[in-house]
Amino acid sequence: MRHRRDSREDGETSGDTCRKGQTQTMTSSFPWFGMDIGGTLVKLVYFEPKDITAEEEQEEVENLKSIRRYLTSNIAYGTTGIRDVHLELQDLTLCGRKGNLHFIRFPTHDLPVFLQMGRNKHFSSLHTTLCATGGGAYKFENDFRTMADLQLHKLDELDCLVRGVLYIDSVMSSGPSECYYFENPTDPDHCVQKPYLLENPYPLLLVNIGSGVSILAVYSENNYKRVTGTSLGGGTFLGLCCLLTGCSTFEEALEMASEGESTRVDKLVRDIYGGDYERFGLPGWAVASSFGNMMSKEKRESVSKEDLARATLVTITNNIGSITRMCALNENIERVVFVGNFLRVNTLSMKLLAYAMDYWSKGQLKALFLRHEGYFGAVGALLELLHPS
Amino acid sequence: TSVQCDWCVAFPWFGMDIGGTLVKLVYFEPKDITAEEEQEEVENLKSIRRYLTSNIAYGTTGIRDVHLELQDLTLCGRKGNLHFIRFPTHDLPVFLQMGRNKHFSSLHTTLCATGGGAYKFENDFRTMADLQLHKLDELDCLVRGVLYIDSVMSSGPSECYYFENPTDPDHCVQKPYLLENPYPLLLVNIGSGVSILAVYSENNYKRVTGTSLGGGTFLGLCCLLTGCSTFEEALEMASEGESTRVDKLVRDIYGGDYERFGLPGWAVASSFGNMMSKEKRESVSKEDLARATLVTITNNIGSITRMCALNENIERVVFVGNFLRVNTLSMKLLAYAMDYWSKGQLKALFLRHEGYFGAVGALLELLHPS
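Here the structure is a predicted model, which is why all the values come from computation and not from measurement.

Considerations on the overall build of chain B
A count of helical and extended segments in chain B gives 13 helices and 17 strands. Computed over C-alpha atoms, the radius of gyration of chain B comes to 22 Å, within 12% of the 21 Å expected from 2.2 N^0.38 for 370 residues, which places it in the range of a compact globule. Counting only C-alpha atoms and orienting by the principal axes, one finds that chain B spans roughly 75 × 45 × 35 Å. Residues classed as buried in chain B amount to 58% of the 370 residues present. Sequence separation of at least 24 residues holds for 66% of the intrachain contacts in chain B that already meet a minimum separation of 6.

The following block contains the structure:
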């Protein structure tokens, strides 16, 4: 069912995506979803309207009501679905409607379960467009159709990412600042998270660390390019950790890493030089060869699983940092924003990145982070639903 | 061409590169010794020469790469053979003991050494073998060694080569490459770790960047993941494995190509990405894991190299270092990656003397101090 909006001025509250003064006669019908089907996780954003009139409520079909209730009254779905309540954006105005934006995730591996649910709740009868991005929007397009009778509107993941980042950052929120950085990243006693005002964000280097990594240079709202990428990403960290330590989840891997010592596993500059390699500015504590000590049987037997997990995290993170620095240098961009679910509850990597950017660039580069980490693609997909470009 | 010296350094002539994993030693064996010289030659010098040239293995881990020997070389007006010897840095104490036993220090010769170990073990050389090292920077020596060896007119095989048709196993061939007018050149040294240099002229180069994911990472991870213990074992396993079972490819995520940004379905999206699944972990072999480790490390180096080449505006890339020793798999991967991702703009080149250039550079410093 489509909604006819009155011709009042919208866009009067900041953060509204509708252009100021423009009235729309038609808006997309509820429910409003944005979906990002990635290599490891499905990210879902759902807009829960809070300004439903009595009339609307009356006309509302049962399954739409049921979907809304199911999503908003639970914080866990099935065995692996999770709603990140701390990321909920309340009192948001989107396309003239007021409501809450919810952020939900579940493993891509469990997509069939999700599709079955969509089938059970007769989602397709709502005749709503489902905007989806990420590789899975292409890979599972047929499954959506055959299993849940749903037609996906497929969108490019990087278009959605950029759009989502720029939108969320622009939303005036009474909650914590979306963008932040770390002050004193190597000093555990004095390392603090500080808000960062990302106005005049361009040019920006956007590093998306998911299963793999994409690095984008963003010059303006509609002008960005994919500079490069690396296949050594979050999936590598988790895959290697599972193999090396026997763990099975991301959270377990992080837990182990937090208790380990990577310097036992890595060969440092001082292990080769006996100190610094001064000529080229390499301090003794810098890693010369990741996992380099592990070619020695004696050393292999002396390290713990926690040490291996830590070394894996440090290796992957520093490699991303190093590649990022090269890109920033070449693109002549000083601000780098790191997003993606590799950084979810991963303060260790964030601080490493913050330190590396600062140290190796001699203070020229600043590492920035965004609270909604891995959800920007899904947000961008939702925006495409509401404001087709 | 050889440079004539008015006087020359006393024999023996050595160049040494003490790296993170291996010690590389080059030794010049004079073949033009006159009867008079032979008479005057001290016993331990003769003994050292005989020991080195009549063996191809030393102790349990020392090896002389005979296939790399350069014969009839003229250095500083002397004619002879250049020998290439390596042993694990771990066994340096054994080498020092040998130097002590053979009274090497009584020869009062300068021992030119480079690599981190020249700094780290400087004291050990002095206390254990009474030897004073002349320490040299490893990258200075590397560049010098590469430019020299490439210039040596040799009747043997060409020093520099490349791969034609790197992804077609039936038609992939090694072809000689004439590296004249070598500048500018991107030099990628893959040892325990990696250094990437831009070389503009004989005396002008800069270290562009490096990465800690190098040969030591490949070997270390392989030992952990497969239980192997040597580089050769790791390579053997890798040659029998299938990395696509271990890695998550673009097609695993997209169901095909990611056309928008030119990523083919067979490209790796997430190295080891399939290993987060218990089912998949149980279905891969040690050989698959070794292969995936090799592919991951090699492609990461290739990717970083490409970015450097692009930024430095250099089209020719020379890969050296002992990670590539008997490692045709990595060489072909690098050759392919350079060509494919640059759409034919970049050419990957390789040198036969792989990991010995630092040691050669050290020897040259002994003979022609800069």
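The rest of the description comes next.
Concerning the overall build of chain A
Counting its secondary structure elements, chain A contains 13 helices and 19 strands. Relative to its length of 389 residues, chain A is compact, with a C-alpha radius of gyration of 23 Å against a globular reference of 21 Å. With the C-alpha coordinates aligned to their principal axes, the bounding extent of chain A is approximately 75 × 40 × 35 Å. Partitioning the intrachain contacts of chain A with sequence separation of at least 6 by distance along the chain shows that 66% fall at a separation of at least 24.

Examining helix α8 (residues 250-259) of chain A
For an α-helix the count is 3.6 residues per turn, leaving residues at separations of three or four pointing the same way. All names here are of chain A. Among all positions in α8, only F250, A253, L254, M256 and A257 are buried. Down the axis of α8, the sector holding all buried residues measures 165°, keeping them to one side. Residues of α8 that are buried in the fold lie against α7 (234-245), α11 (305-331) and α12 (347-360).

Things to note about the sheet that holds strand β13 (residues 204-211) of chain B
Within a beta sheet, neighbouring strands are joined by backbone hydrogen bonds and run either parallel or antiparallel to one another. Residue and element names in this part refer to chain B. Pairing is mixed in the open sheet, where 7 strands are placed in the order β10-β9-β17-β16-β11-β12-β13. The two strands at the open ends of the sheet, each matched to only one other strand, are β10 (173-176) and β13. Between one strand axis and the next, the sheet turns by 30° as a mean value, whatever way the strands run. Inspection of the sheet shows strand β11 (residues 185-190) paired to strand β16 (residues 316-320) by 4 bridges, in the parallel sense. Looking at the pairing, V188 lines up with F319 of β16.

A word on the interface of chain B and chain A
In this complex, chain B contributes 58 residues to the contact, which on the side of chain A involves 58 residues. Between chain B and chain A the total buried area reaches about 4500 Å² when both faces are included, carbon and sulfur atoms providing 62% of it. Taken as a group, B:L224, B:Y254 and B:M276 account for 14% of the area that chain B buries against chain A, more than any other trio of residues on that side. Counting across the chain B and chain A interface gives 4 salt bridges. With a shortest N-O distance of 3.4 Å, A:R279 and B:D137 are connected by a salt bridge. At the junction of chain B and chain A, the tally comes to 25 residue pairs in polar contact (both at pLDDT 80 or more). Sorting the residues of the side of chain B that touches chain A by element identifies α4 (116-120), α6 (138-151), β13, α7 (215-226), α9 (250-254), β15 (268-270) and α11 (286-312) of chain B as the ones contributing at least two each. Grouping the constituent residues of the side of chain B that touches chain A by class yields 24 nonpolar, 24 polar and 10 charged.

Regarding the packing of helix α8 (residues 231-240) of chain B against α11(B)
Residue and element names in this part refer to chain B. Relative to each other, α8 and α11 sit at 100°, their axes nearing to 7 Å. By the angle between their directions, the pair α8 and α11 is classed as roughly perpendicular. Residue-level contacts link A234, L235, M237, A238, S239 and E240 of α8 to K286, E287, A290, R291 and L294 of α11.

Topic: the packing of aromatic side chains
Tallied over the full model, the rule gives 46 aromatic pairs over all chains. Seen from their ring centres, B:Y254 and B:Y258 are 4.3 Å apart, and the 15° between their planes marks the pair as stacked. One aromatic cluster is present, formed by A:Y138, B:Y254, B:Y258 and B:F261 through successive ring pairs. The ring of B:Y162 carries B:K347 above its face, with NZ or CZ at 4.1 Å from the centroid.

Re a nonpolar patch on the surface
Residues A:W285, A:Y359 and A:W360 make up a contiguous nonpolar surface patch of roughly 290 Å² in combined accessible area. As for its position among the elements, A:W285 is in the loop between α9 (269-273) and β17 (287-289).

A short note on the pattern of salt bridges
Residue and element names in this part refer to chain A. Summed over all chains, the structure comprises 34 salt bridges over all chains. Salt-bridge contacts for E88 lead to R83; the nearest nitrogen and oxygen are separated by 3.4 Å. For the pair shown, E88 and R83 are each scored as buried. Each member of the salt-bridge network shares a partner with another, and the members are E57, E60, K65 and R68.

A word on the sheet that holds strand β15 (residues 223-230) of chain A
All names here are of chain A. The 7 strands are arranged β12-β11-β19-β18-β13-β14-β15 in an open sheet whose pairing can be described as mixed. Either end of the sheet is taken by a strand with one partner, and the two such strands are β12 (192-195) and β15. On average, each strand axis in the sheet is tilted by 30° relative to the strand beside it, whichever way the strands run. With 4 bridges joining them, strand β18 (residues 335-339) and strand β19 (residues 366-370) adopt parallel strand pairing.

Remarks on the state of the cysteines
Under the definition given, this model contains 0 disulfides over all chains. With no disulfide of its own, A:C327 lies 10 Å from the sulfur of B:C308, the closest cysteine sulfur. By relative accessible area, A:C327 is classed as buried at 1%. In this structure B:C141 is a free cysteine whose sulfur lies 7.8 Å from that of B:C112, the closest cysteine sulfur available.

Overview of the nonpolar core
With 82 residues, the main nonpolar core has A:F338, A:F369, B:F319 and B:F350 as its most contacted residues. If we skip the residues at most four places from it in the chain, B:F319 touches B:V188, B:I190, B:I301, B:T305, B:L324, B:L334, B:M338, B:A348, B:L349, B:F350 and B:L351. Counting residues in each nonpolar core, the second largest holds 76 residues, with B:F28, B:L133, B:V360 and B:L363 among its members.

Here we look at the confidence of the model for chain A
Residues and elements named next belong to chain A. When pLDDT is averaged along chain A, the result is 90, and 93% of the positions lie at 70 or above. Every residue in residues 1-17 scores below 50 in pLDDT, and together they form 53 contacts with partners more than four places removed in sequence or on other chains. In this model residues 19-25 is a low-confidence stretch, pLDDT under 50, and it forms 17 contacts with partners more than four residues away in sequence or in other chains.

Some remarks on the environment of B:E315
All names here are of chain B. Relative to the assigned elements, E315 resides in the loop between α11 and β16. Measuring from C-alpha to C-alpha, the distance between E315 and G80 comes to 36 Å, with 235 residues separating the pair along the chain. Look past the residues within four positions of E315 in its chain and what remains in contact with it is Q345, L346 and K347.

Quick word on the packing of α7(A) against α8(A)
The axes of two packed helices give the description: the angle between them and the distance between them. Residue and element names in this part refer to chain A. Put simply, α7 and α8 touch, their axes get as near as 10 Å, and they point 70° apart. Comparing their axes, α8 and α7 come out roughly perpendicular. For the pair α7 and α8, the crossing hand works out as left-handed. On α8, the residues that touch F237, L238, C241 and T245 of α7 are F250, A253, L254 and M256. Looking at the contact of α7 with α8 residue by residue, the classes come out as 7 nonpolar, 1 polar and no charged.

Topic: the environment of A:K225
All names here are of chain A. Mapped onto the elements of the fold, K225 is located in strand β15. Residue class for K225 comes out partly exposed when judged on its relative accessible area of 37%. Measuring from C-alpha to C-alpha, the distance between K225 and L158 comes to 9.2 Å, with 67 residues separating the pair along the chain. Beyond its immediate sequence surroundings of up to four residues, K225 is in contact with I215, L216, A217, Y219 and E331.

Each value, and the rule that gives it
Residues numbered from 1 in each chain as written. Chains lettered and ligands numbered in written order. Predicted model: local features only at pLDDT ≥ 70, side-chain atom pairs only at ≥ 80, totals over all residues. Heavy atoms only, no water. Helix = DSSP H or I, 4+ residues; strand = E, 2+ residues; numbered from the N terminus. Rg over C-alpha atoms; globule rule 2.2 N^0.38 Å. Buried < 20%, exposed > 50% of the residue type's maximum accessible area, 1.4 Å probe, protein only. Contact = heavy atoms within 4.5 Å. Arc of directions from axis to C-beta. Pairing = 2+ DSSP bridges. Axes fitted to C-alpha atoms, helices over the stretch in contact; angles between N-to-C directions. Buried area = accessible area lost by both parts, 1.4 Å probe. Salt bridge = Lys/Arg side-chain N within 4 Å of Asp/Glu carboxyl O. Polar contact = N/O pair within 3.5 Å; in protein donor to acceptor, adjacent residues only side chain to side chain. Nonpolar A, V, L, I, M, F, W, Y, C, P; charged D, E, K, R; others polar. Parallel < 35°, antiparallel > 145°, perpendicular 65-115°, else oblique. Phe/Tyr/Trp six-rings, centres within 6.5 Å; stacked < 30°, edge-to-face > 60°. Lys NZ or Arg CZ within 6 Å of the ring centre and 35° of its normal. Patch = residues over 30% accessible without salt bridge, like charges linked within 9 Å, V, L, I, M, F, W, Y side chains within 5 Å. Areas by Shrake-Rupley, 256 points an atom, 1.4 Å probe, with all protein chains shown as cover. Disulfide = S-S within 2.5 Å. Core = buried A, V, L, I, M, F, W, Y, C linked by side-chain atoms within 4.5 Å. pLDDT = per-residue confidence, 0-100. Left-handed = near helix turned anticlockwise from the far one by under 90°.

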